[in-house]
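What follows is the residue order along each chain.
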Amino acid sequence: MKIHIKNGRLIDPANNQDRHADLFIAAGKVVSIGEEPLGFHANQEIDAQGLVVCPGFVDLAARLREPGYEYRATLESEMGAAIAGGITSLACPPDTDPPLDEPGLVEMLKYRAKSLNQAHVFPVGALTLGLSGETLTEMAELRDAGCVAFSHAERPLDNALVLMRVMQYAATFDLSVWLRAQDASLSRIGVAHEGEVATRLGLPGIPACAETIALSRILQLAKETGARIHVCRISSSESVEMIREAKKQGLAVTCDISANHIHLSEMDIGFFDSNCHLIPPLRSLRDRDALRRGLKEGVIDAVCSDHTPVDDDAKLLPFAEAEPGATGLELLLPLVLKWAEEDKVPLIDALSRITRHPARILDAGCGHLARGHAADLCIFDPQGYWKVEPKSLKSQGKNTPFIGFEMKGRVICTLVGGHVVYRANHS
Amino acid sequence: MQNNRQINKSGELQHLLTIEGLPVSMLHHILDTAESFVGVTEREVKKVPLLRGKAIFNLFFEPSTRTRTTFEIAAKRLSADVINLNISASSQSKGETLLDTVNNLSAMHADMFIVRHAQSGAAHLIARHVAPEIHVINAGDGRHAHPTQALLDMYTIRHFKRDFHELRVAIIGDVMHSRVARSQIHALTTLGVPEVRVIAPKTLLPKGVEHLGVHAYHDMSKGLKDVDVLLMLRLQNERMQGALLPSAQEYFKYYGLTPEKLALARPDAIVMHPGPMNRGIEIDSSVADGPQSVILPQVTFGIAVRMAVMSILAGS
Amino acid sequence: MELPKTHEILEKLAAAIRAELTEDMVIVGIHTGGAWLARELHRTLGLSSPLGTLDISFYRDDFERIGLHPEVKPSDIPFDVDGSDILLVDDVLFTGRTVRAAINELFDYGRPARVRLAVLVDRGGRELPIEAGFTGIRLDLDEHRMIDLLRNEIGELELKLRPETGV
């Protein structure tokens, strides 16, 4: 299969490219950028006039709900949503049922994902057995089975000794440890940011210090153990400053935020909108603005979708009882573009937050376009509008705070391994 | 973002979910209407035919005999048919969701739901999903709101004190967990009370309570000074757990309303309590039964206020 | 159409009532115009018995359609209704529904020995079998024509026929 993508604006943050150039693909790989190779006869031409051609997006957190929660969503539906969102590589957290704590489960997930022949799935293994915070998993074995990193998903890891041990053990094999910073005792009963809105609505709060206290412990132990740490989905302005300081000191730490947190604050809860029941909670406007600044300045490395398909039954409940989470795969690009436009971030820099930087954290050779490398890419219309509606979403999860919003940035075509895996219906 | 949809397009009250956002004219309209109903409750026939044939469902997901009874009396005095449903946690855990329950009852041609639920926002959720001709009254949702209680408190204050613009009001006790306090604060600030205070130890005040327009005090001797109205809150026994308070004894010593502490307020100050009271914990019996207590009139006015709310809703 | 002077109609009504006045008769006016009229008659007839007022908002039969009246006033019946001789007073008698509501409300206070009705204007158009015992003036008005009793700042009552609205 030979594909010629012509007339597009090619943006590849990893190679600092932003120019109009044609792309030539053969045998699943990029064979040339710009110049047509001698004797190249395309089987397929894609006209990308007025469109952006860029590496497929890399999402550091997408719950596919397999194994264990197939009634919520299936691998098929969510992988379909990923490519519809231009995402060609995604990491999935270990909080499946059972959790990804043994090689067999990881191999099965990899195998299932591969047979669908869509986006690449990178499982994140559990740090402890059953995510119960007690016994270490066989991390080296899990790595061999395909885990790219290890985490504790949203489950508490209270015991500082266990936290230190998992970091030490991971550091032994140079494995990356991905952690959410949230102190369990300070957040256990909370459902919203402890602030003005929670006070007004009478919702139990999660104070910002639940995050900073846990983050401070993680950073101290990272320094102590030398482990490679990625902090997942920070939410407060003070966390941004702590990460900035840690990076300045030369600590091997990276972090990400969810696309929802770039735009939303506690105010968006309004009168109990359970679509805004998210973990970490939406915090104050001041926090949100600090996250945006941190993202622009590069303190925050990546934006992830934090995709969590939740069915209506689990959302149509009083706020505190509603399950936290929102669908996100198909919103990742438009929400990043919205931020870029609002904060005047050059497109190439904005796209680096969902290509180059998360790819580096994932360390799996994806997220860039270069001769001889896999042709995983996304073609999107930066001016194309679409409306977020249950029927416009491929994911089985239909709940998002952005439901009903008009979004700019429409994925036209997604290629994985040189094959067109997604093409938008013409409208 | 979901808004507060208790006012319909014609500016009428469609549901009563919270005091927050209600215009001051609406509050006075409810209180004025309640005044007419006070007369009804003093007659030989304590009943008017206003809501004849209407089906009002008392939907109590959290047990409360007292509040349920006052709504029931109010509905019956308006000649409505009242159906009481106590939906225990167990039937909920059988898999029927809150909205399943509500949909089932709507199919029985309910005209009004009176909802009590342990979760903040439950009444809003129901109001968003019922058919447009059904009205919802929030009879207490979690820590969020208890608008009819706040309205009857305002009625009581207006009855004894007249002008809201000259009052200093203190709310005393567990503000953190109190839906009553949140509704009282919105009502008092909307009606133009220039100074609303909350008095409690820091463990019982929610973060940023000042943003609601109140002044926070931690010391009764300062907080009660020159106060015209004292709104006591109920202290639940379980607050002694979870590291909120050391003991009932210490709480009573520092925050319980005794005659000595009451003497710090203005001599004509009135004392109110939403009930049921914990005598000897948040209030001393001699104050609860004393000359400055208006706790019993509150109960009487409560019925008239609920009649007013029901008839205003049913007529919109 | 020219209406006679309001005070002349009032005097005529008062004279009719005076002719059948009993010692223990009490007057009850229906909010709002009837209450003004009741006070006026009470004064003109020189009565010392208590004067009551009724707000029939809670007894209306059009609640379903128009909802609760925005300015409900408390009813005030300062005497024992049981065994009383009541003169119910309203400004304009039209369909009879207001009087029906008022009688219903009166009976929720007790069982009067007798209820009679006095109105300033009987404009016809009855929808219920109700007639006034005392009438100031009878007018035959088109059903869309409106007539109101107004009160100025010095308390004088005046009947006003609203101009015909063009179709």
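Each chain has its residues counted from 1, following the order in which its sequence is written. Each chain gets a letter, beginning with A, and each ligand a number, beginning with 1, in the order they are written. A pLDDT threshold of at least 70 governs which residues receive local features in this predicted model, and a stricter bar of 80 or more applies before side-chain atom pairs are shown or counted, although totals over entire chains, interfaces and linings include all residues. Based on all heavy atoms of the structure, the side-chain values leave hydrogens and waters out of the count.

Visitor: What's the story with the overall build of chain B in this structure? I'm lost.
Guide: Secondary structure is summarised from DSSP: a helix means a run of H or I of at least four residues, a strand means a run of E of at least two, and numbering begins at the N terminus for each. Of regular secondary structure, chain B possesses 12 helices and nine strands. Projecting the C-alpha coordinates of chain B onto the three principal axes gives extents of approximately 55 × 45 × 40 Å. Partly exposed residues are those whose accessible area sits between 20% and 50% of the maximum for their type, while under 20% is buried and over 50% is exposed, using a 1.4 Å probe and protein chains only. When burial is assessed residue by residue, chain B has 62% of its 316 residues classed as buried. Across chain B, the fraction of contacts at a sequence separation of at least 24, relative to all contacts at a separation of at least 6, is 74%. Summing over all exposed atoms, chain B offers an accessible surface of approximately 12,200 Å²; the carbon and sulfur share of this is 51%. Every residue pair with non-hydrogen atoms within 4.5 Å of one another is taken to be in contact. Where accessible areas are quoted, they stem from the Shrake-Rupley method and a 1.4 Å probe; at the residue level, only the protein chains shown are allowed to cover.

Visitor: Sorry if this is basic, but what is going on with unusual backbone geometry here?
Guide: With the exception of glycine, most residues fall at negative phi, and the peptide bonds are largely trans. Omega for the peptide link from A:I279 to A:P280 comes to -5 degrees, which places this bond in the cis form. Relative to the helices and strands, A:P280 is located in the loop between α9 (259-263) and α10 (285-297). Cis geometry marks the peptide bond from B:G275 to B:P276, where omega comes out at -10 degrees. Along the polypeptide, B:P276 turns up in the loop between β9 (270-272) and α11 (285-288). If you check the backbone angles, A:A27 has positive phi at about 50 degrees while not being a glycine. Take A:A27: it is sitting in the loop between β4 (23-26) and β5 (29-33).

Visitor: Just to check I follow, could you spell out the interface of chain A and chain B for this structure?
Guide: The extent of an interface is frequently quoted as the accessible surface area lost upon association of the parts. Across the contact, 24 residues belong to chain A and 28 residues belong to chain B. Interface of chain A and chain B: buried area, both sides summed, is about 2,100 Å²; carbon and sulfur atoms make up 61% of it. Every case where a carboxyl oxygen of Asp or Glu lies within 4 Å of a side-chain nitrogen of Lys or Arg is listed as a salt bridge. Between chain A and chain B we count one salt bridge in total. Two residues, B:E20 and A:R200, come together in a salt bridge whose shortest N-O distance is 2.8 Å. Two N or O atoms count as a polar contact when they lie within 3.5 Å, although within protein this holds only if one can serve as hydrogen donor and the other as acceptor, and sequence-adjacent residues are included solely when both atoms are side-chain atoms. Scanning the region where chain A abuts chain B turns up five residue pairs in polar contact (both at pLDDT 80 or more). Its residues assigned to classes, the side of chain A that touches chain B comprises 13 nonpolar, five polar and six charged. Buried area adds together the accessible area that both of two parts lose upon being put together, with accessible area traced by a 1.4 Å probe. Side-chain classes follow a simple rule in which Ala, Val, Leu, Ile, Met, Phe, Trp, Tyr, Cys and Pro form the nonpolar group, Asp, Glu, Lys and Arg form the charged group, and the remainder, Gly included, forms the polar group.

Visitor: Which parts of the structure should I look at to understand the nonpolar core?
Guide: The nonpolar side chains of a soluble globular protein tend to be buried, and buried together. Remark: nonpolar core denotes a set of buried residues (Ala, Val, Leu, Ile, Met, Phe, Trp, Tyr, Cys) joined through side-chain atoms within 4.5 Å. If you look at the biggest cluster of nonpolar residues, it comprises 119 residues, and the most contacted ones within it are B:F37, B:I171, B:L230, B:L257 and B:M310. Among the elements that make up this core, the one with the highest residue count is helix α12 (residues 295-314) of chain B (12 residues). Each of domain 1 (4-145 + 299-314) and domain 2 (147-296) of chain B contributes no fewer than three residues to this core. Not counting residues within four places of it along the chain, the set of residues in contact with B:L230 comprises B:A170, B:I172, B:L224, B:L257, B:L262, B:A265, B:A269, B:I270, B:V271 and B:M272. Membership of the second largest hydrophobic core comes to 102 residues, among which are A:V52, A:L64, A:M139 and A:F402. In this document the domain limits rely on a domain assignment from an automatic tool or a database.

Visitor: Whenever I open this one, the side chain of B:D228 confuses me. Can you help?
Guide: All names here are of chain B. With respect to the helices, strands and loops of the structure, D228 is situated in the loop between α8 (220-223) and β8 (229-232). A residue is classified by how much of its surface remains accessible, and D228, at 8% relative accessible area, is buried. The contacts of D228, once residues within four sequence positions are left out, are K161, E166, L167, R168, R266, D268, A269 and I270.

Visitor: Would you mind going over the pairing of strand β18 (residues 377-387) of chain A with me for this structure?
Guide: Side chains on a regular strand alternate between the two faces of the sheet. All names here are of chain A. For β18, the tally of buried residues reaches eight of 11 residues, placing the bulk of the element in the interior. Examined bridge by bridge, strand β7 (residues 52-55) and β18 share four bridges and lie antiparallel to one another. If you follow P55 over to β18, its bridge partner there is L377. Here eight bridges tie β18 to strand β19 (residues 406-416), and the two strands are oriented antiparallel to one another. Bridge assignment links D381 to a residue of β19, and that residue is R410. Each pair of strands is called paired provided DSSP finds at least two bridges between the two strands.

Visitor: Got a minute to help me understand a negative patch on the surface in this structure?
Guide: What goes into a patch is any residue over 30% in relative accessible area without a salt bridge, connected to like charges within 9 Å or, for nonpolar side chains (Val, Leu, Ile, Met, Phe, Trp, Tyr), within 5 Å. Only four residue types enter the charge count: Lys and Arg as positive, Asp and Glu as negative, with His and the chain ends excluded. Charge coordinates come from a single atom per side chain, which is NZ of Lys, CZ of Arg, CG of Asp or CD of Glu. Together, A:E102, A:E107, A:E138 and A:E141 make up a region of like negative charge exposed at the surface. Under the relative-accessibility criterion, A:E141 is labelled partly exposed at 47%.

Visitor: I'm lost on the sheet that holds strand β3 (residues 112-117) of chain B in this one. Help?
Guide: Either a parallel or an antiparallel arrangement is found when strands of a sheet pair, and the pairing is made through backbone hydrogen bonds. Residue and element names in this part refer to chain B. Judged by pairing direction, the sheet is parallel, and its four strands sit side by side in the order β2-β1-β3-β4 without closing on themselves. Edge positions in the sheet fall to β2 (81-86) and β4 (135-141), since each of these pairs with one other strand and no more. The average angle at which neighbouring strand axes cross in this sheet is 15 degrees, direction not considered. Note: strand β1 (residues 55-60) against β2, six bridges, orientation parallel. Structural elements are reduced to axes, namely lines fitted to C-alpha atoms, with helices fitted over the stretch in contact, and the angle between N-to-C directions of any two is expressed from 0 to 180 degrees.

Visitor: Is there a simple way to think about the environment of B:F301 in this case?
Guide: All names here are of chain B. With respect to the helices, strands and loops of the structure, F301 is situated in helix α12. Between the alpha carbons of F301 and I137 there is a distance of 17 Å; along the sequence they are 164 residues apart. In this structure, F301 is in contact with V38, Y155, T156, H159 and F160, ignoring residues within four places of it in sequence.

Visitor: Sorry if this is basic, but what is going on with the environment of B:L125 here?
Guide: Among the secondary structure elements, B:L125 is positioned in helix α5 (residues 122-129). With near-sequence residues (within four places) excluded, B:L125 lies in contact with A:L316, A:L317, A:P318, B:L98 and B:L99.

Visitor: Looking at this structure, how should I read the arrangement of the chains?
Guide: In this assembly two pairs of chains touch, with chains A and B having more contacts than any other pair. Between chain A and chain C there is no contact, and the shortest C-alpha to C-alpha distance separating them is 28 Å.

Visitor: What's the story with the domain arrangement of chain B in this structure? I'm lost.
Guide: All names here are of chain B. When cut into domains, chain B gives domain 1 (4-145 + 299-314) and domain 2 (147-296). Using only C-alpha atoms to locate each centre, domain 1 and domain 2 end up separated by 25 Å. Each side of the interface is counted separately: domain 1 has 36 residues, and domain 2 has 28 residues. For the pair domain 1 and domain 2, the summed buried area comes to about 2,500 Å², and 66% of that belongs to carbon and sulfur atoms. By the criterion of area lost to domain 2, the three top residues of domain 1 are I19, R143 and F301, representing 28% of everything that side buries. Seen at the junction of domain 1 and domain 2, the total is three salt bridges. Here R158 ties to D32 by a salt bridge, and the two come within 3.0 Å at their closest N and O atoms. Linking domain 1 with domain 2 are 11 residue pairs in polar contact (both at pLDDT 80 or more), by the criterion used here.

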